[in-house]
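What follows is the residue order along each chain.
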Amino acid sequence: MTSTACVRLLVLMGLAASAPHPVALAREGTIERLLDERAIIALADRLDAAVDRKDWDAARAAFAPTIEVDLSAAGGPTGRMPSDELIGMWETNLFEEKTSFHLRGNHIVAFEGANQARLTSSAYAWNRLDGLPGGALWEVWGQYDYEVERSDAGWVITDFTFVPTHDRGNRVVPGAPRPQ
């Protein structure tokens, strides 16, 4: 990558003002680290978008075949499981009539070597299901913690945790069964 290309990349990433000279960055591997950081954040964004679109194949692609899950703080499963099992639970719960919206920010990526990292993100989500007594909408705020590792297909999630901090609305909505 040329020095000019490094500067353009940093400007696009919003880092040019505070970053050292691009040649030094390339020499130290920082460009690669920034690209990995962006890829990890994009992985989480793609997962949220896939869940909201109900694209279960795309959601499944975000995970390693077997994952550690801790959704206990939200009343969900905990422990080691095939990622297909987690996706199957989401597919059952987020049926076509139930809409969802997931948004995250304040990403912090901490690398644990060249091929492993932890992503922590603030989270907001809502589920909507019309026709329920008590209202159609439920919202939740919290924190996602992911452990990710580099695979042949790119970065994948190996450990998935969500800890809710606040919620509002009809608490029946998130676990409501499909209307008959």
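This is a predicted model, so every value here is computed, not measured. Each chain carries its own residue numbering, running from 1 in the written order of its sequence. Residues qualify for local features only when their pLDDT is at least 70, as the model is predicted, and side-chain atom pairs are given and counted only at 80 or more; totals for whole chains, interfaces and linings, by contrast, use all residues. Side-chain numbers here rest on the full set of heavy atoms in the structure, without hydrogens or water.

Description of the pairing of strand 4 (residues 116–128)
Step number 1: Two strands qualify as a pair provided DSSP detects at least 2 bridges between them. Secondary structure counts use DSSP, requiring at least four H or I residues in a row for a helix and at least two E residues in a row for a strand, with both numbered from the N terminus. Relative to strand 4, strand 3 (residues 99–111) runs antiparallel, the two being bridged by 11 bridges. Looking at strand 4, one finds that Phe 101 is bridged to Trp 126.
Step number 2: Counting the residues between successive antiparallel strands, the hairpin from strand 3 to strand 4 contains 4 residues, one of them, Gly 113, with a positive phi of roughly 95°.
Step number 3: Here 13 bridges tie strand 4 to strand 5 (residues 137–151), and the two strands are oriented antiparallel to one another. Bridge pairing links Arg 128 to Leu 137 in strand 5.

Some words on the packing of aromatic side chains
Here a ring pair, both rings aromatic, is described through the centre-centre distance and the interplanar angle of the planes.
Step number 1: Between the rings of Phe, Tyr and Trp (Trp by its six-membered ring), a pair exists once the centres lie within 6.5 Å; its type follows the angle of the planes, with under 30 degrees stacked, over 60 edge-to-face, and the other angles tilted. As enumerated under the stated definition, the model contains 10 aromatic pairs in all.
Step number 2: Members of the aromatic cluster, each reached through a chain of ring pairs, are Phe 63, Trp 90, Tyr 144, Tyr 146, Phe 160 and Phe 162.
Step number 3: In our convention, an over-ring charge means Lys NZ or Arg CZ found within 6 Å of a ring centre and within 35 degrees of that ring's normal. The cationic tip of Arg 33 hangs over the ring face of Phe 111; the distance from NZ or CZ to the ring centre is 4.0 Å.

Observations concerning helix 3 (residues 30–53)
Step number 1: Between its terminal C-alpha atoms helix 3 stretches 34 Å, which fits the 34 Å expected from 24 residues at 1.5 Å a residue.
Step number 2: Among the residues making up helix 3, those that are buried are Ile 31, Leu 34, Asp 36, Ile 40, Ile 41, Ala 42, Leu 43, Ala 44, Leu 47, Asp 48, Ala 50 and Val 51. Expected helix span is taken as 1.5 Å per residue step, with the number of steps being one fewer than the number of residues. Accessibility here uses a 1.4 Å probe with only protein chains present; expressed as a share of the type maximum, an area under 20% marks a residue as buried, one over 50% as exposed, and anything in between as partly exposed.

So, the nonpolar core
Step number 1: Definition of nonpolar core: a set of buried residues of the types Ala, Val, Leu, Ile, Met, Phe, Trp, Tyr and Cys, connected through side-chain atoms within 4.5 Å. Residues Leu 47, Phe 63, Leu 86, Trp 90, Tyr 146, Ile 157 and Phe 160 are the most contacted members of the largest nonpolar core, which totals 40 residues.
Step number 2: Every element with two or more residues in this core is listed here: helix 3, helix 4 (56–60), strand 1 (63–70), helix 5 (83–93), strand 3, strand 4, strand 5 and strand 6 (154–169).
Step number 3: When residues in this core are grouped by element, the largest group, 7 residues, is from helix 3.
Step number 4: The contact definition used throughout considers only heavy atoms, calling two residues in contact when any of these lie within 4.5 Å. Among residues more than four places away in sequence, those in contact with Tyr 146 are Ala 44, Leu 47, Arg 104, Ala 117, Arg 118, Leu 119, Ile 157, Asp 159 and Phe 160.

Describing the confidence of the model for the chain
Step number 1: The predicted model of the chain has a mean per-residue pLDDT of 89, with 84% of residues at 70 or higher.
Step number 2: Predictor confidence is given residue by residue as pLDDT, running from a minimum of 0 to a maximum of 100. Overall, residues 23–27 carries pLDDT values under 50, and its contacts beyond four positions in sequence, including any with other chains, amount to 9 contacts.

A few points about the sheet that holds strand 4
Step number 1: The mixed open sheet is built from 6 strands, whose spatial order is 2-1-6-5-4-3. Edge positions in the open sheet fall to strand 2 (78–82) and strand 3, since each of these has one partner strand only. With strand direction ignored, the average angle separating the axes of adjacent strands in the sheet is 20°.
Step number 2: Across 4 bridges, the pairing between strand 1 and strand 6 is parallel. When the sheet's bridge partners are listed, Glu 68 is paired in strand 6 with Asp 159.
Step number 3: Axis geometry follows a simple rule: fit a line to the C-alpha atoms, using only the stretch in contact for helices, then measure angles between N-to-C directions, giving values from 0 to 180 degrees. Packing of helix 3 onto the sheet brings it into contact with strand 1, strand 3, strand 4, strand 5 and strand 6, and relative to strand 3 it is tilted by some 165°.
Step number 4: Of the strands in this sheet, strand 1, strand 2, strand 4 and strand 6 touch helix 5, which is tilted by about 70° from strand 1.

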